[in-house]
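# Observations on chain architecture
Spelled out from the first residue to the last, the chains are:
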Amino acid sequence: MADAGKVIEEEVLARMLSPTGPRDGSKSQSMVAKFKDDKIGYYKIDKDEVEGLHEMSVRMLDSSVAQIAAVNLYDQCKKTLFHSSAKKDTFVTLDTEKGKLLNEVRMALEKDDQHLQVDTVIPLRMHYQFERVQLIELAGLAEKGTICFTIVFDPRSRETVDLQVIDSSSYSVYKTVQFTSICTAGNSYVATGDTKGNVRLYDDVSGGMKKSGAAMVLAAEDDTTPVLDVALRFDASMVVWTTKNGVYASSLRDAFWHKGWAQKKLQKPPVIKLTAAGVEKHVIQTPARFDANAAWNAVDHADKKEDTVFGYFGPIAATWKVKDIEALSEKVSEGTAEAVLKGKVENVGGVGRFTSVSDHAAVFSAEGAVDVITSSFDSVVKVHHG
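We now turn to the structure provided with this report.

Analysis parameters
- Residues numbered from 1 in each chain as written.
- Predicted model: local features only at pLDDT ≥ 70, side-chain atom pairs only at ≥ 80, totals over all residues.
- Heavy atoms only, no water.
- Helix = DSSP H or I, 4+ residues; strand = E, 2+ residues; numbered from the N terminus.
- Buried < 20%, exposed > 50% of the residue type's maximum accessible area, 1.4 Å probe, protein only.
- Contact = heavy atoms within 4.5 Å.
- Areas by Shrake-Rupley, 256 points an atom, 1.4 Å probe, with all protein chains shown as cover.
- Pairing = 2+ DSSP bridges.
- Axes fitted to C-alpha atoms, helices over the stretch in contact; angles between N-to-C directions.
- 1 Å grid on protein atoms, 1.4 Å probe; cavity = no way out; pocket = protein on both sides within 12 Å on 5 of 7 lines; lining within 4 Å.
- Points joined across faces, edges and corners; volume = space filled by probe spheres on them.
- Nonpolar A, V, L, I, M, F, W, Y, C, P; charged D, E, K, R; others polar.
- Expected span 1.5 Å × (residues − 1).
- Arc of directions from axis to C-beta.
- Salt bridge = Lys/Arg side-chain N within 4 Å of Asp/Glu carboxyl O.

### Describing the overall build of the chain
Counting its regular elements, the chain contains four helices and 29 strands. Taking all 386 residues of the chain together, the buried fraction comes to 56%. For the chain, restricting intrachain contacts to residue pairs at least 6 apart in sequence, the fraction spanning at least 24 positions comes to 55%. Summed over its atoms, the accessible surface of the chain is roughly 16,400 Å², and 47% of this surface lies on carbon and sulfur atoms.

Following this line, the structure appears as structure tokens:
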């Protein structure tokens, strides 16, 4: 495949959105928040249409330019937290509807009160934004991918600027590993990708990382290019990752998330390469993600099972069924099949690069996976995959 590094790097600079919001009939029903520079745009998404709610320009509390790097919704999307690329140790919370800045939170490590230069931040557990909560729970990468951290704090501080210190049990510093991506499951399991094509699985990112390392490390045998993105199913039963050269998936037992699986004489799950006709001719436009059955169903945890993996390669949209990945994984483990799965393709047109809104921000429908994508800050559309 063509080198995707520059394309992905450009996409990150104009990266989209928070995950979808709740289905409670409120104004913030199935909401996503898109950002660019100092603007945040909010959209409501249902099975039939995308409705623009409102857009706001935001600044830091000292009136400096925000330069937004990430946006997360929380407390049933009533509140928004954004991370600034200008002040990489700082998060700002605001009221989603009124746009009122609530407070500024700065991150520091326990050691020497060192301010933490955050690279990436996500909710500590998938679909946290659906819950009615006050605490903010985050996982992230910092200091150019050398630190992985978690933090839980109460943003309702009386201080205009609130300093949150991450204690030593909640972060880990790596000297020989540089992380490139991080994701979480519904139970707070964490997966990370690094510059050498490795994916690591952790059941306890706070204590487990520091004390015993990853429960498992996965990698494609012939691909050591950087992991551009990693994604998990809500129930942590499958991981999908995208490198500069390909898309891969592994089916996971719960035992694989805990140290000691090898002592139980379990085989490491095979790495399945996901490919499709014609994709090798195009640059990977967006990392592969799961469909959003789980995101759409905000209430019933038992039904949070995504059915489809999708990705974009130039004008081609490729999809793979999760059940097909699982079935092939069993055959590969038995030695009766090769670890390559060809998916379904369709041409979505030559309209330039699409950017997937966010992991699990697609909208599920009975007809198939629906991916909510955007080709510019002012446009959010839906693409149906049969």
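Now that the structure has been shown, the text picks up again.
### Comments concerning the sheet that holds strand β16 (residues 216-218)
What the four strands build is an open sheet, ordered β13-β14-β15-β16; its pairing is antiparallel. Of all strands in the sheet, those with a lone pairing partner are β13 (179-184) and β16, marking the two edges. In this sheet, neighbouring strand axes are inclined to one another by 20 degrees on average, regardless of whether the strands run parallel or antiparallel. The pairing of β13 with strand β14 (residues 190-194) spans five bridges and is classified as antiparallel. By the bridge assignment for β14, Phe-179 is matched with Asp-194.

### Let's talk about the layout of surface pockets
It is the rolling of a water-molecule-sized probe over the atoms that shows where space remains empty. Here the second largest pocket defines a volume of roughly 270 Å³. Forming the walls of the second largest pocket are 13 residues, and the residues nearest its centre are Ser-251, Arg-253, Phe-256, Ser-329 and Ser-333. Of the residues contributing to the lining of the second largest pocket, the split by class is four nonpolar, five polar and four charged.

### Notes on the sheet that holds strand β10 (residues 147-153)
On the basis of which strands lie adjacent, the open sheet formed by four strands has the order β8-β9-β10-β12 and antiparallel pairing. Across the chains shown, the open sheet's two edge strands, defined by having one partner strand only, are β8 (118-123) and β12 (171-173). Neighbour to neighbour, the strand axes of the sheet diverge by 20 degrees on average, direction disregarded. Note: β10 against β12, three bridges, orientation antiparallel. When the sheet's bridge partners are listed, Phe-149 is paired in β12 with Tyr-171.

### Thoughts on helix α4 (residues 322-334)
Here α4 spans 19 Å end to end across 13 residues, near enough to the 18 Å set by a 1.5 Å rise per residue. Every buried residue belonging to α4 is among Val-322, Ile-325, Leu-328, Ser-329 and Val-332, and all of these are buried. The arc that holds every buried residue of α4, seen down its axis, measures 125 degrees, which confines them to one face. In this structure, α4 carries Lys-323, Glu-330 and Glu-334 as exposed residues pointing more than 90 degrees from its buried face. Where α4 terminates, the next one or two residues include Gly-335, which has phi positive at roughly 80 degrees.

### Let's talk about the pattern of salt bridges
Here the structure, examined in full by the defined rule, presents nine salt bridges. The salt bridge partner of Asp-75 is Lys-79, with a shortest N-O separation of 2.8 Å.

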